[in-house]
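Residues per chain, in single letters:
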Amino acid sequence: REAILAGTSGNTGVGLAIAAAIKGYKCIFVLPDKMSEEKIKNLRAFGAKVVVTPTAVEPDDPKSYYSVSRRLAKDTPNSIYIDQYNNLANRDCHYQLTGPEILEQVPDIDVLIAGIGTGGTICGNGRYFKETKPEVEIIAVDPVGSIVFDKFKTGEDVPALNYNIEGIGEDFIPDNYDFSVIDDMVQGDGKESFLMTRELLVKEGIYSGISSGSAVVGAIKWIKEQGSRLKGKKILIILPDSGNRY
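Residues numbered from 1 in each chain as written. Predicted model: local features only at pLDDT ≥ 70, side-chain atom pairs only at ≥ 80, totals over all residues. Heavy atoms only, no water.

Points about helix H1 (residues 11-23)
And then number 1: Between its first and last C-alpha, H1 extends 19 Å over 13 residues, near the 18 Å set by a 1.5 Å rise per residue.
And then number 2: Those residues of H1 that fall on the buried side of the exposure criterion are Gly13, Val14, Leu16, Ala17 and Ala20. Relative to the axis of H1, the buried residues are bounded by an arc of 165° and lie together on one face. Seen from the buried face of H1, the exposed residues on the opposite side, beyond 90 degrees, are Ile22 and Lys23.
And then number 3: For H1, the elements touching its buried residues are strand E1 (3-7), strand E2 (26-32) and helix H2 (37-45).
And then number 4: Count one or two residues on from H1 and you reach glycine 24, which has phi positive near 80°. (Helix = DSSP H or I, 4+ residues; strand = E, 2+ residues; numbered from the N terminus. Expected span 1.5 Å × (residues − 1). Buried < 20%, exposed > 50% of the residue type's maximum accessible area, 1.4 Å probe, protein only. Arc of directions from axis to C-beta. Contact = heavy atoms within 4.5 Å.)

Re the environment of glycine 126
And then number 1: Residue placement: glycine 126 occurs in helix H5 (residues 120-132).
And then number 2: Excluding anything up to four places from it in sequence, glycine 126 contacts Ile138 and Val181.

As for the sheet that holds strand E4 (residues 79-81)
And then number 1: The sheet built from four strands is open, its strands ordered E3-E2-E1-E4 with parallel pairing. Here the strands that pair on one side only, and so sit at the sheet edges, are strand E3 (49-53) and E4. Neighbour-to-neighbour, the strand axes of this sheet turn through a mean angle of 20°, independent of strand direction.
And then number 2: Contacts from H2 reach E2 and E3, with the element oriented near 155° to E3.
And then number 3: The strands touched by helix H3 (residues 65-75) are E1, E2, E3 and E4; relative to E2, the strand with the most contacts, the crossing angle is about 160°. (Pairing = 2+ DSSP bridges. Axes fitted to C-alpha atoms, helices over the stretch in contact; angles between N-to-C directions.)

What about the state of the cysteines?
And then number 1: Overall, the coordinates contain zero disulfides when judged by the stated rule.
And then number 2: The closest cysteine sulfur to the non-disulfide-bonded cysteine 93 is located on cysteine 123, 12 Å from its own sulfur. (Disulfide = S-S within 2.5 Å.)

Details of the nonpolar core
And then number 1: Among the nonpolar cores identified, the biggest contains 22 residues, and Ile109, Leu112, Ile116, Ile122, Phe129, Ile182 and Met185 are the most heavily contacted of them.
And then number 2: Sorting the residues of this core by element identifies helix H4 (89-105), strand E5 (111-115), H5, strand E6 (137-143) and helix H6 (148-154) as the ones contributing at least two each.
And then number 3: Tallying contributions element by element places H5 first for this core, with four residues.
And then number 4: The residues contacting isoleucine 116, other than those within four sequence positions of it, are Ile122, Ala140, Val141, Asp142, Val148, Ile168, Gly169, Tyr177, Ile182 and Met185.
And then number 5: If you look at the next biggest cluster of nonpolar residues, it comprises 14 residues, including Ala17, Leu31, Met35 and Ala48. (Core = buried A, V, L, I, M, F, W, Y, C linked by side-chain atoms within 4.5 Å.)

Some thoughts on unusual backbone geometry
And then number 1: The phi angle at asparagine 78 is positive, at roughly 55°, despite the residue not being glycine.
And then number 2: With respect to the secondary-structure elements, asparagine 78 resides in the loop between H3 and E4.

Quick look at the pattern of salt bridges
And then number 1: Tallied over the entire structure, the rule returns ten salt bridges.
And then number 2: A salt bridge links lysine 234 to aspartate 108; its shortest N-O distance comes to 2.6 Å. Taken as a pair, lysine 234 in the loop between helix H8 (210-226) and strand E8 (235-237) and aspartate 108 in the loop between H4 and E5 lie far apart in primary sequence, 126 residues in all.
And then number 3: Residue aspartate 184 is joined to lysine 153 by a salt bridge in which the shortest nitrogen-to-oxygen separation is 2.7 Å. Of this pair, aspartate 184 sits in strand E7 (residues 184-188) while lysine 153 sits in helix H6; the two residues are 31 residues apart in sequence, bridging distant segments of the chain. (Salt bridge = Lys/Arg side-chain N within 4 Å of Asp/Glu carboxyl O.)

Shown next as structure tokens:
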């Protein structure tokens, strides 16, 4: 293969761009236009070509970043399309690596909370803990406007609304999803998530991105809903991103 193509919200693209730069592969990344200029510049700094597409379109629209990335992969000779949404290697790497690392460092973990986007992080870790320490509760955080929360809670398909949180939430259900390893799901509000991202910086010195803020907002909401039953429990929240890409 001589070229790597991917539709990405940015962070996966950076990892692929690093590998491609070392191996000498050409990279083409397709991003929706709500992604930050910092991410786009980051990718271009590694020599990648970045194609920006409109956010407010349906997944099967020819202009969506899913459709454009697949079309470019088809039209680019000797290329491989890294479909992070439906490529189960995404989920498996968290099952094989992230889960064991968490358990090694936090052996007395009771609850794991993370955002849900492609599904790789939450479902890969969820599968690992269901097999090794099934008493650990797996809680997903989905932004308001995404379809995932309603699909998990009711099984119903609802139309996606525009939301400005990068990196989590979806307007379709990827193959990496496995709701059977998720115990509960909570929604994070966009404005609250932005404010929490700032609060993490000024109060905790944690320079994170908006999906991290959303994970903390959702975690606090879920913890409050559970009441006293969580007293003394060890709760781990995954903050997946740095603020320098936002």
